[in-house]
Amino acid sequence: MSSIFVKIINGEIPAHKIAEDDQFLAFLDIRPLQKGHTLVIPKIEVDDIFDLEDELLAGLHIFAKRVAKAIRKTIACKKIGVAIIGLEVPHAHIHLVPINAVSELSFKNPPLDLEYSEFAQIAESIRENFE
């Protein structure tokens, strides 16, 4: 059975997309730790990030770097925190989270409760800064 991320890739369910190319997709997390919390995924469905071929793994990180720079231009923060956990969805992915303190990257924190319009505005702002 395909993961929820494959359904997003295929356009079967909506997502607030940030950036996309033929191999990778970045979109806002629907349960964000902070405004601008973005997921970056390969379009190929592989459960464990370390099972990706070396070239694809490197490309994923380079794509994530470009997304992180756009987030940082958009959301006031000290750093873009990076987390690779891989337990929530069986599809390799990188969390990019704007943070001002280490505690803001804790998945024990409750997610923000944002309106659809807030997600849409954040995504549009980040897209405008994506290079």
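Residues numbered from 1 in each chain as written. Predicted model: local features only at pLDDT ≥ 70, side-chain atom pairs only at ≥ 80, totals over all residues. Heavy atoms only, no water.

Draft legend 1. The overall build of the protein, seen in detail. Scanning the protein from N- to C-terminus turns up three helices and five strands. Listing each helix as α and each strand as β along the protein from the N terminus yields α-β-β-β-α-β-β-α. Computed over the C-alpha atoms, the radius of gyration of the protein is 14 Å, within 12% of the 14 Å expected from 2.2 N^0.38 for a compact globule of 131 residues. Residues classed as buried in the protein amount to 44% of the 131 residues present. Restricting the contact set of the protein to residue pairs at least 6 apart, pairs at least 24 apart contribute 58%. Of the roughly 7,500 Å² of accessible surface on the protein, 53% is carried by carbon and sulfur atoms. One finds the centroid of the 14 positive side-chain charges in the protein at a distance of 8 Å from the centroid of its 20 negative side-chain charges. (Helix = DSSP H or I, 4+ residues; strand = E, 2+ residues; numbered from the N terminus. Rg over C-alpha atoms; globule rule 2.2 N^0.38 Å. Buried < 20%, exposed > 50% of the residue type's maximum accessible area, 1.4 Å probe, protein only. Contact = heavy atoms within 4.5 Å. Areas by Shrake-Rupley, 256 points an atom, 1.4 Å probe, with all protein chains shown as cover. Lys, Arg positive; Asp, Glu negative; His and termini not counted. Charge placed at Lys NZ, Arg CZ, Asp CG, Glu CD.)

Draft legend 2. Molecular detail of the pattern of salt bridges. All chains considered together, the criterion is met by five salt bridges. For the salt bridge of lysine 35 with glutamate 118, the shortest nitrogen-to-oxygen distance reads 3.7 Å. Here the residue lysine 35 occupies a position in the loop between β2 (24–28) and β3 (38–42), and glutamate 118 occupies one in helix α3 (residues 116–129), the gap between them amounting to 83 residues. Using a relative accessible area of 40% as the deciding quantity, one classes lysine 35 as partly exposed. Assessed through its relative accessible area of 27%, glutamate 118 is described here as partly exposed. Salt bridges here are not isolated pairs; linked through shared partners, they connect Lys17, Glu20 and Lys43. (Salt bridge = Lys/Arg side-chain N within 4 Å of Asp/Glu carboxyl O.)

Draft legend 3. Here's a closer look at the layout of surface pockets. Considered as a void within the structure, the largest pocket measures approximately 400 Å³ in volume. Along the wall of the largest pocket there are 21 residues; nearest its centre are Asp29, Ile30, Arg31, Leu39 and Glu88. Of all elements in the fold, only α1 (4–9) and β2 reach the threshold of two or more residues within the lining of the largest pocket. Residue classes in the lining of the largest pocket are distributed as 15 nonpolar, three polar and three charged. (1 Å grid on protein atoms, 1.4 Å probe; cavity = no way out; pocket = protein on both sides within 12 Å on 5 of 7 lines; lining within 4 Å. Points joined across faces, edges and corners; volume = space filled by probe spheres on them. Nonpolar A, V, L, I, M, F, W, Y, C, P; charged D, E, K, R; others polar.)

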